[in-house]
Number of protein chains: 2
Amino acid sequence: MRHSTYECNKGCPVEATLEIIGGKWKGVILYHLLENTYRFGELRKMMPGITQHTLTKQLRELEGDNLVLRKIYAEVPPRVEYSLTERGESLREIILMMRDWGRVHLGL
Amino acid sequence: MRHSTYECNKGCPVEATLEIIGGKWKGVILYHLLENTYRFGELRKMMPGITQHTLTKQLRELEGDNLVLRKIYAEVPPRVEYSLTERGESLREIILMMRDWGRVHLGL
DNA sequence: CCGTATCCTGCATGATACTG
DNA sequence: CAGTATCATGCAGGATACGG
């Protein structure tokens, strides 16, 4: 007896995906990294509302979920660049669809 | 001088969309309603982890965002059915993509 | 420049009990 | 059956200060 296509008994795939990109800032971070590789300070400037503390935490979590790559350059002053992993890239379509939906239905 | 396609200065459309579907349960609720119209108690059974209190609140918020329609039947015992509005339907593609992404990348 | 270390706060979510 | 009413709690996110 097969389950419904919509069954969510143990680990709904929609819920699980939202746990990864559903934070207050993660979608926005990924959205920016879709366009380009960015340094920590650049991301911060793009998101005036986020604190340094929170940005660091969110980036660590995205890194932990293997969506974002953190590359450290041994320079002075230090430079750290964030980019999407292949797994992160695979979210491109979803993120862009959310952007489009927001534009159309929320007038943004 | 045009802005970048990715600019998020005031009201990022990705962030705004996530505010609507990004809660812990909203995606799952919408996911179920994608398939069918359901009664309150049916939804509750489908999501064993959610409490009555929280389900009510989430449904009210979805209703407030005009994604879900709440239809009350004047019967005894009372019957209330939830379905997607047209606006809710417009999220179908996004939700299904999140489901697929979860299945492929999270092994669900 | 890119962080950690503390401490703190609000709000999303939950537990439990009661009701039209 | 489908809710409200209360009260409780955990954790995401923030403020501020300091460090390699």
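Residues numbered from 1 in each chain as written. Chains lettered and ligands numbered in written order. Predicted model: local features only at pLDDT ≥ 70, side-chain atom pairs only at ≥ 80, totals over all residues. Heavy atoms only, no water.

- Looking at an unreviewed UniProt entry, chain A carries the name Transcriptional regulator, HxlR family, with the source organism given as Desulfopila aestuarii DSM 18488.

1. Digging into the overall build of chain A
Phase 1 of the analysis: The helix and strand tally for chain A stands at 6 helices and 3 strands.
Phase 2 of the analysis: In chain A, the order of α-helices and β-strands from amino to carboxyl end is α-α-β-α-α-β-β-α-α.
Phase 3 of the analysis: In terms of its C-alpha atoms, chain A occupies a principal-axis envelope of roughly 60 × 35 × 25 Å.
Phase 4 of the analysis: Of all 108 residues assigned to chain A, the portion counted as buried reaches 46%.
Phase 5 of the analysis: Within chain A, contacts between residues at least 6 apart in sequence are counted, and of these 47% link residues at least 24 apart.
Phase 6 of the analysis: Accessible area of chain A: about 5,900 Å², with a carbon and sulfur share of 50%.
Phase 7 of the analysis: One finds the centroid of the 16 positive side-chain charges in chain A at a distance of 4 Å from the centroid of its 14 negative side-chain charges. (Helix = DSSP H or I, 4+ residues; strand = E, 2+ residues; numbered from the N terminus. Buried < 20%, exposed > 50% of the residue type's maximum accessible area, 1.4 Å probe, protein only. Contact = heavy atoms within 4.5 Å. Areas by Shrake-Rupley, 256 points an atom, 1.4 Å probe, with all protein chains shown as cover. Lys, Arg positive; Asp, Glu negative; His and termini not counted. Charge placed at Lys NZ, Arg CZ, Asp CG, Glu CD.)

2. A few points about the side chain of Thr 85 of chain A
All names here are of chain A.
Phase 1 of the analysis: Mapped onto the secondary structure, Thr 85 falls in the loop between strand 3 (79-84) and helix 5 (86-89).
Phase 2 of the analysis: In this structure Thr 85 comes out as buried when scored by relative accessible area, which is 12%.
Phase 3 of the analysis: Side-chain polar atoms of Thr 85 contact the backbone oxygen of Asn 66, separated by 2.6 Å.
Phase 4 of the analysis: Ignoring sequence-local partners within four residues, the contact set of Thr 85 consists of Asn 66, Leu 67, Val 68 and Leu 69. (Polar contact = N/O pair within 3.5 Å; in protein donor to acceptor, adjacent residues only side chain to side chain.)

3. Quick look at the nonpolar core
Phase 1 of the analysis: Ranked by size, the top nonpolar core spans 65 residues in total, and within it Leu 30, Leu 43 and Met 47 of chain A together with Leu 30, Leu 43 and Met 47 of chain B carry the most contacts.
Phase 2 of the analysis: Discounting residues that sit within four places of it in the chain, Met 47 of chain A has contacts with Trp 25, Val 28, Ile 29, His 32 and Leu 55 of chain A. (Core = buried A, V, L, I, M, F, W, Y, C linked by side-chain atoms within 4.5 Å.)

4. Overview of the UniProt feature "domain: HTH hxlR-type" (unreviewed entry) in chain A
Phase 1 of the analysis: Under the feature "domain: HTH hxlR-type" (unreviewed entry), the UniProt entry names residues 12-108 of chain A.
Phase 2 of the analysis: Secondary structure over residues 12-108 of chain A splits into 60% helix and 14% strand, and the C-alpha atoms at its two ends are 30 Å apart. (UniProt positions renumbered as here; feature names shortened; annotations may be inferred.)

5. Re the protein's contact with DNA strand D
Phase 1 of the analysis: Taken together, 23 residues sit near DNA strand D, with Lys 24 of chain A together with Arg 39, Gln 52, Arg 70 and Tyr 82 of chain B positioned nearest.
Phase 2 of the analysis: Sugar plus phosphate: this is where 67% of the atoms of DNA strand D within 4 Å of the protein reside.
Phase 3 of the analysis: Between DNA strand D and Pro 78 of chain B, the relevant distance is 3.3 Å, taken from a sugar or linking oxygen to a main-chain nitrogen or oxygen of the residue.
Phase 4 of the analysis: Per-class residue counts for the surface near DNA strand D are 7 nonpolar, 10 polar and 6 charged. (Near = heavy atom within 4 Å. Nonpolar A, V, L, I, M, F, W, Y, C, P; charged D, E, K, R; others polar.)

6. Quick look at the protein's contact with DNA strand C
Phase 1 of the analysis: Contacts to DNA strand C come from 23 residues, most closely from Gln 52, Arg 60, Arg 70 and Tyr 82 of chain A together with Lys 24 of chain B.
Phase 2 of the analysis: At 3.1 Å from a phosphate oxygen of DNA strand C is found a main-chain nitrogen or oxygen belonging to Gly 41 of chain A.
Phase 3 of the analysis: In the environment of DNA strand C, a base nitrogen lies 2.7 Å from a nitrogen or oxygen atom belonging to the side chain of Gln 52 of chain A.
Phase 4 of the analysis: Secondary structure elements with two or more residues in the surface near DNA strand C: helix 3 (40-46), helix 4 (52-64) and strand 3 of chain A together with helix 4 (52-64) of chain B.
Phase 5 of the analysis: Of all the elements, helix 4 of chain B adds the most residues to the surface near DNA strand C, at 5 residues.
Phase 6 of the analysis: Considering only residue class, the surface near DNA strand C consists of 7 nonpolar, 11 polar and 5 charged.

7. Some words on the packing of aromatic side chains
Phase 1 of the analysis: Applying the stated criterion to the full structure yields 0 aromatic pairs over all chains.
Phase 2 of the analysis: Seen from the ring of Tyr 73 of chain A, Arg 79 of chain A lies directly overhead, with NZ or CZ sitting 4.1 Å from the centre. (Phe/Tyr/Trp six-rings, centres within 6.5 Å; stacked < 30°, edge-to-face > 60°. Lys NZ or Arg CZ within 6 Å of the ring centre and 35° of its normal.)

8. Re the packing of helix 2 (residues 26-35) of chain B against helix 4 of chain B
Residues and elements named next belong to chain B.
Phase 1 of the analysis: In contact at an axis separation of 10 Å, helix 2 and helix 4 are set at 70 degrees when each is read in the N-to-C sense. When the axis of helix 2 is compared with that of helix 4, the two are roughly perpendicular. For the pair helix 2 and helix 4, contact is made by Lys 26, Ile 29 and Leu 30 and by Leu 55, Gln 58, Leu 59, Glu 61 and Leu 62, respectively.
Phase 2 of the analysis: In terms of residue class, the contact of helix 2 with helix 4 is built from 5 nonpolar, 1 polar and 2 charged. (Axes fitted to C-alpha atoms, helices over the stretch in contact; angles between N-to-C directions. Parallel < 35°, antiparallel > 145°, perpendicular 65-115°, else oblique.)

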